[in-house]
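Here are the chains, one letter per residue:
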Amino acid sequence: MILKGKKIILGISGGIAAYKTPQLVRLLKKAGAEVRVALTASGSRFVSELSLATVSGEPVFREMFPPLDLPGTDFTRHISLGEWADALVIAPATANTIAKLAAGLCDDMLTACFITLRPGKPVLIFPAMDGQMYRSGSLQRNIALLTGQGCTVIEPENGDLASGQCGTGRMPEPDVIAQRIGMALQNATPDSPLRGRRVVVTAGPTREKIDGVRFISNYSSGKMGFALAEAARERGAEVTLITGPVHLDTPVGVERLDVENACEMYEAAKSLYGLCTVFIAAAAVADYRPELVLEGKLKKNSSHLQLNLIRNPDILAEFGTGKRPDQLAVGFALETGDGLEEAYRKLQEKNLDLVAFNTFDRKTSGFEVDTNVLTLIDRNHTETVLPLMQKKDAARQLLDCIEQLMHSGR
Ligand code: C5P
């Protein structure tokens, strides 16, 4: 959402990772950004100008000096391009380009944009090179200079390098770069009341052990909780995500605590009750756990087996009923049928500020799937009925509601 309508210059210098940049341009465009590419001469050896012009829908900027014979030529484009942008992203950034930026040289469009960018506009630099080059004293000195100037320099990733070695030097994948751009733009737009506030999100299922090899659990994938954590982070919140066992990548910039069962989730959450402004319980916590956990593997000796289950702590209810006036409690009410009344009951009993009611059909809403159909009910009993949408979009709508509640005070 934050990328929508934003004007981004993508500076590409001459590293092998440049081959990934058309994909990055596509992602940024898909998110609604306008992208113009400043390509260095070496960069053009690794990625084609035609590919970049095609995916960006704009001419690629290479030469400082414009062609003189084209009508409508902007003769001061080395200035106007930098002034146009909301953000400058340099990916991949070579040791040579980083040295030029640090020294203030501006002999091509990429380096000129850096100098002419308006103050306060984010600059993200993604160094990508051989591990030995990355560790060199000169490069590290130049990075320190640029960081000191307010640029965000993102450490390259570890892995196989084009040199055949394995080490630190890989450019992050385009989706990670796009997320980092979103975060930087969000931080440069101080509008959300969530900015700088701690948001705790619980996500995923819990596993309650029966014996050494078996457990009781549910179909929760964690997708809704992870989407909420990501959306809160996008708005500048400090996010802690407490998650049961899931197969999802941690959203960039989010602190993640992995737990297995409800009691562990409760302990992790309890330690953050006092610190957070918003507590969002999206986890499908098992209500009961086996009273006794057998060591080793339970034998099948009889035709019937009785398991004694005891109640797990209600993590959200404990936060909700004990919260301070400046804190907000948000929960989910997942029902298999028409359970709006149940949602109202949870709002009341757990002392929630917002409850998201959803049904469970395993096709469009509830567990596992990427979409959800939510009805949001706030503490004033205002109902917002959302249509079927991606969980990421539903997460943003839910955060809009939280922001409104924060704005309206208590
Ligand atoms: O009471 P019920 O389990 O239906 O409530 C669902 C809401 O409460 C969800 O937000 C869920 O994350 C939270 N919850 C919890 N701890 C539990 C059970 C549910 O935080 N033990």
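Look up a bit, the structure's there.
Residues numbered from 1 in each chain as written. Predicted model: local features only at pLDDT ≥ 70, side-chain atom pairs only at ≥ 80, totals over all residues. Heavy atoms only, no water.

A. Highlighting the overall build of the protein. Check the secondary structure of the protein and you find 13 helices and 21 strands. Each principal axis of the C-alpha atoms in the protein carries an extent, and together these give about 85 × 50 × 40 Å. For the protein, buried positions account for 51% of its 410 residues. Within the protein, contacts between residues separated by at least 24 positions form 66% of all contacts whose residues are at least 6 apart in sequence. Per element, the accessible surface of the protein, about 19,700 Å² overall, is 51% carbon and sulfur. Side chains of the protein carry 46 positive and 48 negative charges; the gap between the two charge centres is 2 Å. (Helix = DSSP H or I, 4+ residues; strand = E, 2+ residues; numbered from the N terminus. Buried < 20%, exposed > 50% of the residue type's maximum accessible area, 1.4 Å probe, protein only. Contact = heavy atoms within 4.5 Å. Areas by Shrake-Rupley, 256 points an atom, 1.4 Å probe, with all protein chains shown as cover. Lys, Arg positive; Asp, Glu negative; His and termini not counted. Charge placed at Lys NZ, Arg CZ, Asp CG, Glu CD.)

B. Quick look at the site of the ligand. As a structural note, the neighbourhood of the ligand is formed by Ala-281, Ala-283, Val-285, Asp-287, Pro-313, Asp-314, Ile-315, Leu-316, Gly-331, Phe-332, Lys-346 and Lys-350. With respect to the ligand, the backbone of Pro-313 contributes an N or O atom lying 2.8 Å from a nitrogen atom. Between the ligand and Lys-346, the relevant distance is 2.5 Å, taken from an oxygen atom to a side-chain nitrogen or oxygen of the residue. Protein coverage of the free-state accessible area of the ligand, which is 450 Å², stands at 86%. Elements with a minimum of two residues in the shell around the ligand: helix 11 (315–322) and strand 16 (328–335). Looking at the shell around the ligand residue by residue, the classes come out as 7 nonpolar, 1 polar and 4 charged. (Near = heavy atom within 4 Å. Polar contact = N/O pair within 3.5 Å; in protein donor to acceptor, adjacent residues only side chain to side chain. Nonpolar A, V, L, I, M, F, W, Y, C, P; charged D, E, K, R; others polar.)

C. View of the pattern of salt bridges. By the definition in use, this model includes 23 salt bridges. With its nearest N and O atoms 3.4 Å apart, the salt bridge here joins Arg-36 to Glu-58. With a gap of 22 residues between them, Arg-36 in strand 2 (residues 34–39) and Glu-58 in the loop between helix 2 (49–56) and helix 3 (77–84) connect regions that are remote in the sequence. Owing to a relative accessible area of 21%, Glu-58 belongs among the partly exposed residues under this scheme. Residue Arg-345 pairs with Glu-349 through a salt bridge whose shortest N-O separation is 2.6 Å. (Salt bridge = Lys/Arg side-chain N within 4 Å of Asp/Glu carboxyl O.)

D. Local environment of the packing of aromatic side chains. Taken as a whole and judged by the stated rule, the model has 3 aromatic pairs. Geometrically, the ring pair formed by Tyr-273 and Phe-279 is edge-to-face, given 5.7 Å between the ring centres and 75° between the ring planes. In this structure Phe-279 comes out as buried when scored by relative accessible area, which is 0%. A ring pair is formed by Phe-279 and Phe-319, whose centres lie 4.9 Å apart and whose planes are at 25°; its orientation type is stacked. (Phe/Tyr/Trp six-rings, centres within 6.5 Å; stacked < 30°, edge-to-face > 60°.)

E. The arrangement of helix 8 (residues 174–187) in detail. Compared with an ideal rise of 1.5 Å per residue, which puts 14 residues at 20 Å, helix 8 spans 20 Å between its outermost C-alpha atoms and is within 8% of the ideal. Taken as a whole, helix 8 has its buried residues at Pro-174, Ile-177, Ala-178, Ile-181, Gly-182, Met-183, Ala-184, Leu-185 and Gln-186. The elements touched by buried residues of helix 8 are strand 1 (7–12), helix 1 (21–30), strand 3 (87–93), strand 4 (123–127) and helix 9 (223–234). (Expected span 1.5 Å × (residues − 1).)

F. Inspection of the pairing of strand 8 (residues 198–203) at higher detail. By the criterion of burial, strand 8 is predominantly enclosed, with 5 of the 6 residues buried. Across 6 bridges, the pairing between strand 8 and strand 11 (residues 238–243) is parallel. Opposite Val-201, over in strand 11, you have Leu-241 as the bridge partner. In the sheet, strand 8 pairs with strand 13 (residues 278–281) via 4 bridges, with the strands oriented parallel. In the sheet register, Val-199 faces strand 13, and the bridge partner there is Val-278. (Pairing = 2+ DSSP bridges.)

G. Highlighting the environment of Phe-319. Turning to its location among the elements, Phe-319 is positioned in helix 11. Here the alpha-carbon distance between Phe-319 and Leu-272, two residues 47 residues apart in the chain, equals 9.8 Å.

H. Looking closely at the sheet that holds strand 2. Spatially, 2-1-3-4-5 is the arrangement adopted by the 5 strands of the open sheet, whose pairing is parallel. Bordering the open sheet on either side are strand 2 and strand 5 (152–153), each of which pairs with just one other strand. Set on the sheet, helix 8 makes contact with strand 1, strand 3 and strand 4; between it and strand 4 the angle comes to about 155°. (Axes fitted to C-alpha atoms, helices over the stretch in contact; angles between N-to-C directions.)

I. Looking closely at the pairing of strand 16. Judged by how many residues are buried, strand 16 sits mostly within the fold: 7 of 8 residues are covered. With 4 bridges joining them, strand 13 and strand 16 adopt parallel strand pairing. In the strand pairing of strand 16, Ala-281 is matched with Gly-331. Across 6 bridges, strand 16 lies against strand 17 (residues 354–359) in parallel orientation. From the neighbouring strand, Leu-334 faces strand 17, where its bridge partner is Asn-358. Handedness of the crossover joining strand 16 and strand 17 through helix 12 (residues 340–349) is recorded here as right-handed. (Right-handed = clockwise from strand over helix to strand, strands pointing away.)

This is a description of form; function is not addressed.
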